[in-house]
Amino acid sequence: MVENSLSPAAITDNLETRFIGQRILYYPRLPSTNDIAKRQAQQGAVEGTVVIADEQSAGKGRMQRTWLSPKGSIALSIILYPSLAHLSSLIMVASLAVAHCIEQVTGLKAQIKWPNDVLVNSKKVCGILIESDVKGNSVDYAIIGVGINVNLRLSDFPEISSTATSLSHELGEEVSRLDMIRCLLVETERLYLALPAGESVYQEWRNNLATLGKKVQVKSGETTYKGIAESVASDGSLLLRQPDGSLTKIVAGDVTLRE
Ligand code: BTN
């Protein structure tokens, strides 16, 4: 049995961060950690405050989808106050931090599917939802919401098992959520603090993308594009080479690989 207590004291004990995770709000069950984090940010919560739940009853995904968040998974939201220049890089920070920690804690190889899904053996183990409030040229707040399928038995969730997996399923044994969370807080802070120094986070994110060079279909709003995922720009958008030779820049969307 792995240590799996998510008490704030266990998470913050000798945590090697300056601010991310130094204040933890823990809930056994709530609708969505992102919603509580948003409310906290609006009330001026200190940067790095983290909202964690053992279970969410109304977890939110990208594109107005719902996110399944039962016991055994990780659901957390980190409050940040970045500059506008760094806001678009948060998808890179968050997905790289998750990929690094999966590798560090479980030894499994993790890859990123543009823009910020994390995959193990080509199936999704983690989804990230970043929500922010921008007024004029300044960011009021940004919330990084991270959901990781850690100790889930896939047979209990047939509705997701064709496209998603869990760390315990891939590893064949339970994984410590506490180790994953502590690693995630340290890695997120390290990458976030590296943003002002230049392009290293962008380059590393680009190198970890499973999508590049592949034939893909991208759904963005009402439009579906087909082509080759050629590259990504430093603002995080995808550069898609379409069959007529044109290069289209896609800021947000959902990618499926075409065989
Ligand atoms: C996606 O892949 O569509 C993104 C899923 C993001 C889920 C996380 S779980 C913690 C946080 N709270 C939420 O309601 N959503 C995010």
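Going by the structure above, here's the rest.
What you see is a predicted model; the values in this text were computed from it and never measured.

1. As for the environment of I148
(1) Moving on: Residue placement: I148 occurs in strand β9 (residues 138-148).
(2) Moving on: Separated by 73 residues in sequence, I148 and A75 place their C-alpha atoms 6.8 Å apart.
(3) Moving on: Residues contacting I148, with those up to four places away along its chain left out, are S73, I74, V98, V125, C126, L167, M180 and L184.

2. Description of unusual backbone geometry
One can expect most non-glycine residues to show negative phi and most peptide bonds to be in trans.
(1) Moving on: With an omega of 0 degrees, the peptide bond between W114 and P115 qualifies as cis.
(2) Moving on: With respect to the helices and strands, P115 occurs in the loop between β6 (110-113) and β7 (117-120).
(3) Moving on: Positive phi is not limited to glycine here, since N14 has a value of about 50 degrees.
(4) Moving on: Along the chain, N14 falls in the loop between α1 (8-12) and β1 (24-30).
(5) Moving on: Residue class for N14 comes out exposed when judged on its relative accessible area of 66%.
(6) Moving on: For M63, which is not glycine, the phi torsion reads 55 degrees and is therefore positive.
(7) Moving on: Position of M63 among the secondary structure elements: in the loop between β3 (59-60) and β4 (66-67).
(8) Moving on: The partly exposed category is assigned to M63, whose relative accessible area is 37%.

3. Some thoughts on the packing of helix α4 (residues 90-106) against helix α7 (residues 200-207)
(1) Moving on: Viewed as axis vectors pointing N to C, α4 and α7 meet at an angle of 55 degrees, and their least axial separation amounts to 10 Å. For the element pair α4 / α7, the angle class is oblique. Regarding α4 and α7, the two cross each other, and that crossing is left-handed. Residues I91, M92, V93, S95, L96 and H100 of α4 pack against V201, Y202, E204 and W205 of α7.

4. Brief notes about the sheet that holds strand β5 (residues 74-80)
(1) Moving on: Taken in spatial order, the seven strands of this open sheet run β1-β2-β5-β9-β8-β7-β6, and their pairing is mixed. The open sheet terminates on both sides in strands that have one partner only, identified here as β1 and β6. The average undirected angle you get between the axes of adjacent strands in this sheet is 20 degrees.
(2) Moving on: The pairing of β1 with strand β2 (residues 50-56) spans six bridges and is classified as parallel. By the bridge assignment, L30 is partnered in β2 with Q56.
(3) Moving on: Strands β5, β6, β7, β8 (123-135) and β9 of the sheet are contacted by α4, whose axis makes an angle of about 150 degrees with β8.

Conventions adopted
- Residues numbered from 1 in each chain as written.
- Predicted model: local features only at pLDDT ≥ 70, side-chain atom pairs only at ≥ 80, totals over all residues.
- Heavy atoms only, no water.
- Helix = DSSP H or I, 4+ residues; strand = E, 2+ residues; numbered from the N terminus.
- Contact = heavy atoms within 4.5 Å.
- Buried < 20%, exposed > 50% of the residue type's maximum accessible area, 1.4 Å probe, protein only.
- Axes fitted to C-alpha atoms, helices over the stretch in contact; angles between N-to-C directions.
- Parallel < 35°, antiparallel > 145°, perpendicular 65-115°, else oblique.
- Left-handed = near helix turned anticlockwise from the far one by under 90°.
- Pairing = 2+ DSSP bridges.

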